[in-house]
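Analysis of the macromolecular model
What follows is each chain in one-letter form.
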Amino acid sequence: MSSFEYPGEYYEVIRKDFRDVAGETEFLASYLPPGGRVLDIGSGTGTNLRALAALGHSGVGVDQSSDFTAYARAAAPAGPADGVVEYVHGRAEEYVTDQRFDLVYSLFSTLNQLDRAGLRQLLTGVRGWLAPGGHLVIDIGHLLNFVDGYQPNIIAHHQGDDLLVTRLARQSVHAHRAVWRNEETIIARDGAGKVSMFANFFDQTVFTAPEVRDLLADTGFEVVAEYGGFRKEPGPRIGRGPLLFVARAAGAVQEVAA
Ligand SMILES: C[S@@+](CC[C@H](N)C(=O)[O-])C[C@H]1O[C@@H](n2cnc3c(N)ncnc32)[C@H](O)[C@@H]1O
């Protein structure tokens, strides 16, 4: 369960302190042909899709947050060489399409916000949406991210242009469900001194890397690479850090080999 209902511009200010968009873009683009088609699962404010559209790629973003989807739609690039992106508001597990994509990806631990059954359902669908030779990239939080990063209370300031965003966060764990609960108060002060405040909330399923590998195999994927970061650092790393899986459709690989 998650909310993420607050202005997308505030999220963008927070996100930049956690992520390397240039590295993410280069990584994703390395799995795309010119003018490729992408599907971003949990596209948030559209950060990654905007960067890929600026390289001429087109596609679809799906996200359950109405605020973030509205921000993404409004911020879509409109240059003549930019790709066209459609933003769909809804839960990824319920998304259906007859489109085919060269790359389906999900970044920033979004898939941890699905429960185990929901993730299995989603991956089963994604397996059928890959174009021939297409790839799946998932960036998932793993057990050690949670253990290593655990802090019961967090106060963090994120500075943007003329905007200060403060997060007051509380983390707790439901041990029996292996679910990590995040409760946040987002306080923003703009350049005119106006202060606004929002509540944000999300649960994250605590996956382990072997569990994700098994799930990918069960849903018809073959893992072709694992990295510890978007600069293609070797992985999996010890301790904290992203766990990146690159997979392709297992059946399609056999067809090519035959
Ligand atoms: C941490 S943000 C990451 C957003 C984006 N991938 C990025 O890298 O900035 C997690 C996003 O997942 C979305 N989300 C959570 N559960 C979802 C679901 N079941 N279906 C679609 N979107 C979901 C939230 O609305 C939020 O925008």
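Please read all numbers here as calculations on a predicted model, not as lab measurements.

**Brief notes about the environment of aspartate 190**
Position of aspartate 190 relative to the elements: it lies in strand E8 (residues 179-190). On the basis of relative accessibility, which here comes to 28%, the residue aspartate 190 falls in the partly exposed class. Measuring from C-alpha to C-alpha, the distance between aspartate 190 and histidine 142 comes to 35 Å, with 48 residues separating the pair along the chain. Only 2.9 Å separates the side chain of aspartate 190 from the backbone nitrogen of alanine 192, close enough to count as a polar contact. Within the structure, aspartate 190 has its side chain in polar contact with the backbone nitrogen of lysine 194 (distance 2.9 Å).

**What about the pairing of strand E1 (residues 37-41)?**
Most of E1 is tucked away: 4 of the 5 residues are buried. Bridge count between E1 and strand E2 (residues 58-63): 5 bridges; the pairing is parallel. Pairing of valine 38 across the sheet is with glycine 59, part of E2. Examined bridge by bridge, E1 and strand E4 (residues 101-106) share 3 bridges and lie parallel to one another. Within E4, the position partnered with aspartate 40 by the bridge is tyrosine 105.

**Some words on the site of the ligand**
Around the ligand sit 20 residues, and of these Tyr11, Arg15, Gly42, Asp63 and Gln64 come closest. For the ligand, an oxygen atom lies 2.6 Å from a polar atom in the side chain of aspartate 63. Side-chain polar atom of glutamine 64 to an oxygen atom of the ligand: 2.7 Å apart, as the coordinates give it. Considering the ligand on its own, with 590 Å² of exposed area, one finds that the protein chains cover 98% of that surface. Its residues placed into classes, the shell around the ligand shows 7 nonpolar, 9 polar and 4 charged.

Rules and cut-offs
- The written sequence of each chain sets the order in which its residues are numbered from 1.
- This being a predicted model, a pLDDT of at least 70 is required before a residue's local features are given, and a value of 80 or more before pairs of side-chain atoms are given or counted; all residues contribute to the totals for chains, interfaces and linings.
- As a rule here, side-chain values cover all heavy atoms of the structure and leave hydrogens and water aside.
- We count a stretch as a helix when DSSP gives it H or I for four or more residues in a row; a strand needs E for two or more, and each element gets its number in order from the N terminus.
- For every residue, the accessible area obtained with a 1.4 Å probe (protein chains only) is divided by the maximum for its type, and the residue is called buried under 20%, exposed over 50%, and partly exposed between those limits.
- Polar contact is the term for a pair of N or O atoms within 3.5 Å; when the atoms are in protein, one must be able to donate a hydrogen and the other to accept it, and sequence-neighboring residues count only if both atoms are side-chain atoms.
- Strands are treated as partners if at least two bridges between them are detected by DSSP.
- By convention in these notes, a residue is near a molecule or strand provided one of its non-hydrogen atoms lies within 4 Å of it.
- Working definition of accessibility: Shrake-Rupley area with a 1.4 Å probe, residue cover restricted to the visible protein chains.
- Three residue categories are used. Nonpolar comprises Ala, Val, Leu, Ile, Met, Phe, Trp, Tyr, Cys and Pro, charged comprises Asp, Glu, Lys and Arg, and polar comprises the others, including Gly.

Note that every value here comes from positions in space, so none of it alone points to a role or purpose.
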